[in-house]
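# Examining the three-dimensional arrangement
Read off the chains here:
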Amino acid sequence: MEQTAEAKKIVFSGIQPSGGITLGNYLGALKNWITLQDDYHCVYSLVDLHAITVRQDPATLRRNTLNAYALLLACGMDTEKSIFFIQSHVPAHAELAWILNCYTQFGELSRMTQFKDKSAKHADNINAGLFTYPTLMAADILLYQADLVPVGADQKQHLELSRDIAARFNGIYGQTFTVPDGYIPKTGARIMSLLDPTRKMSKSDESEGAYIGMLDKSDDIMRKFRRAVTDSEACVRYAEGKDGINNLMGIYSCVTGKSYAEIEQEFDGKGYGDFKTAVGEAVVDHLRPIQEEFARLSADKAYIEQCYTEGARKAASLASRTLRKAMKKVGFIPRG
Ligand code: AQP
């Protein structure tokens, strides 16, 4: 059934510019973001405030943020349909996050598995921001009264906490925030590291061979797939325990649209070398038009600046309504 503009639900999602965007981010999240634009009011953000919970080199963070902005435009982000902005350009995120910190228990944040994982990974920098990351994420979502939040499995616990915080605040002060639901996309894969297929592909992985960057050169993509960890069976089939092959089949399926049965048939009797080459070539073909569009757009710095400035203006206008409401509820004097 055709939805009217008024009936459209609000979607919020964010991505950290904590490295170059990977094929995992794209196939697992960004492809869906683009599709959702047709059916929802989408608000998307490059969440740079989140990115600094892990130490970033300032020049690299700036480059990654601008590249990610242009890359998402190249992937099909439509700034006429959606609001697409850089989080640090909208101060309401930090302001609401502070308020929500005061309505979130230490024990709740202590239970977050991402905090435990990232603390173990960055033992020399277990900062307060890393600990309160989930309240900033709650602020991101609640500011836009989002109905739906597309999240990967690793973010489900954070979303659950956002729901708890919203419900708690509403319980104390009356209806203030929409309690968001998670959105599980119809398609969307969890892409694993090419070097350790039991771990997800991550943009901040220390080993470049573990991930495919969306802006990687064709030769590098082919080389990384050739070196991808597989198993000794030499048979292309999807099965438990064959993590490396399962991951490559997942990637191949996402970029070609072929089913696992079709892939098994296509590579029946062929070795892993042929399969890895085919996966690499399919990924290169899939990324080529995106990379060409990225090159065209990123050469036009004035256009990119115009897009993110306008995105921040639209986001701030929506966010300030919710922030004002929350500030009033907790007893702050309205700004003159
Ligand atoms: N490997 C993946 N497969 C499928 N989806 C993925 N996502 C991330 N990695 C994969 C999804 O991408 C969205 C944005 O993620 P993020 O940047 O906010 O943080 P992340 O999940 O921590 O991504 P990375 O690449 O692993 O970043 P770093 O290395 O900085 O921690 C989310 O929807 C996520 O589920």
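Predicted model only: the values in this text are computed from it and were never measured.

### Points about empty space enclosed by the protein
Using the criterion set out here, one finds one cavity of 30 Å³ or more in the structure. Taken as a whole, the largest cavity holds about 40 Å³ of empty space. Around the largest cavity, the lining residues are Gln114, Phe115, Lys118, Leu130, Tyr133, Pro134 and His158. Secondary-structure elements contributing two or more residues to the lining of the largest cavity are helix 6 (113-121) and helix 7 (128-143). Across the lining of the largest cavity, the residue classes break down as four nonpolar, two polar and one charged.

### Here we look at the state of the cysteines
Summed over all chains, the structure comprises zero disulfides. Left without a disulfide partner, Cys42 is nearest to the cysteine sulfur of Cys75, which lies 15 Å away. Classification of Cys42 by relative accessible area gives buried; the value is 2%. No disulfide involves Cys254; its sulfur sits 14 Å from that of Cys75, the nearest cysteine.

### A short note on the site of the ligand
If you check the shell around the ligand, you find 19 residues, and the closest are Ser18, Ile191, Ser202, Lys203 and Ser204. Contact distances for the ligand include 3.2 Å between an oxygen atom and a side-chain N or O atom of Asn25. At 2.9 Å from a nitrogen atom of the ligand is found a main-chain nitrogen or oxygen belonging to Met201. Of all the secondary-structure elements, those providing two or more residues to the shell around the ligand are strand 1 (10-15) and helix 1 (23-36). Ranked by the residues each element gives to the shell around the ligand, the list is headed by helix 1, at four residues. Of the residues contributing to the shell around the ligand, the split by class is five nonpolar, nine polar and five charged.

### Describing helix 9 (residues 218-226)
Buried within helix 9 we find Ile221, Met222, Lys224 and Phe225. Seen from one end, helix 9 has its buried residues packed into an arc of 165°, which puts them on one side.

### A closer look at helix 6
Every buried residue of helix 6 is listed here: Gln114, Phe115 and Ser119. Summarising the axial view, the buried residues of helix 6 lie within an arc of 130°, below the 170-degree limit, and thus occupy one face. Across from the buried face of helix 6, at angles greater than 90 degrees, the exposed residues are Asp117, Ala120 and Lys121. Next to the buried residues of helix 6 lie helix 7 and helix 8 (156-173).

### Details of the packing of helix 4 (residues 92-101) against helix 13 (residues 301-330)
For any two helices packed against each other, one specifies the crossing angle of their axes together with the interaxial distance. Where helix 4 meets helix 13, the closest approach of the two axes is 10 Å, and the angle between their N-to-C directions is 25°. Classified by the interaxial angle, the pair formed by helix 4 and helix 13 is roughly parallel. The two elements helix 4 and helix 13 meet at a crossing, and its hand is left-handed. Residues Ala92, Glu95, Leu96 and Ile99 of helix 4 pack against Ala319, Leu323, Ala326, Met327 and Val330 of helix 13. Taken together, the residues of the contact of helix 4 with helix 13 sort by class into eight nonpolar, no polar and one charged.

Rules used throughout
Residues numbered from 1 in each chain as written. Predicted model: local features only at pLDDT ≥ 70, side-chain atom pairs only at ≥ 80, totals over all residues. Heavy atoms only, no water. 1 Å grid on protein atoms, 1.4 Å probe; cavity = no way out; pocket = protein on both sides within 12 Å on 5 of 7 lines; lining within 4 Å. Points joined across faces, edges and corners; volume = space filled by probe spheres on them. Helix = DSSP H or I, 4+ residues; strand = E, 2+ residues; numbered from the N terminus. Nonpolar A, V, L, I, M, F, W, Y, C, P; charged D, E, K, R; others polar. Disulfide = S-S within 2.5 Å. Buried < 20%, exposed > 50% of the residue type's maximum accessible area, 1.4 Å probe, protein only. Near = heavy atom within 4 Å. Polar contact = N/O pair within 3.5 Å; in protein donor to acceptor, adjacent residues only side chain to side chain. Arc of directions from axis to C-beta. Contact = heavy atoms within 4.5 Å. Axes fitted to C-alpha atoms, helices over the stretch in contact; angles between N-to-C directions. Parallel < 35°, antiparallel > 145°, perpendicular 65-115°, else oblique. Left-handed = near helix turned anticlockwise from the far one by under 90°.

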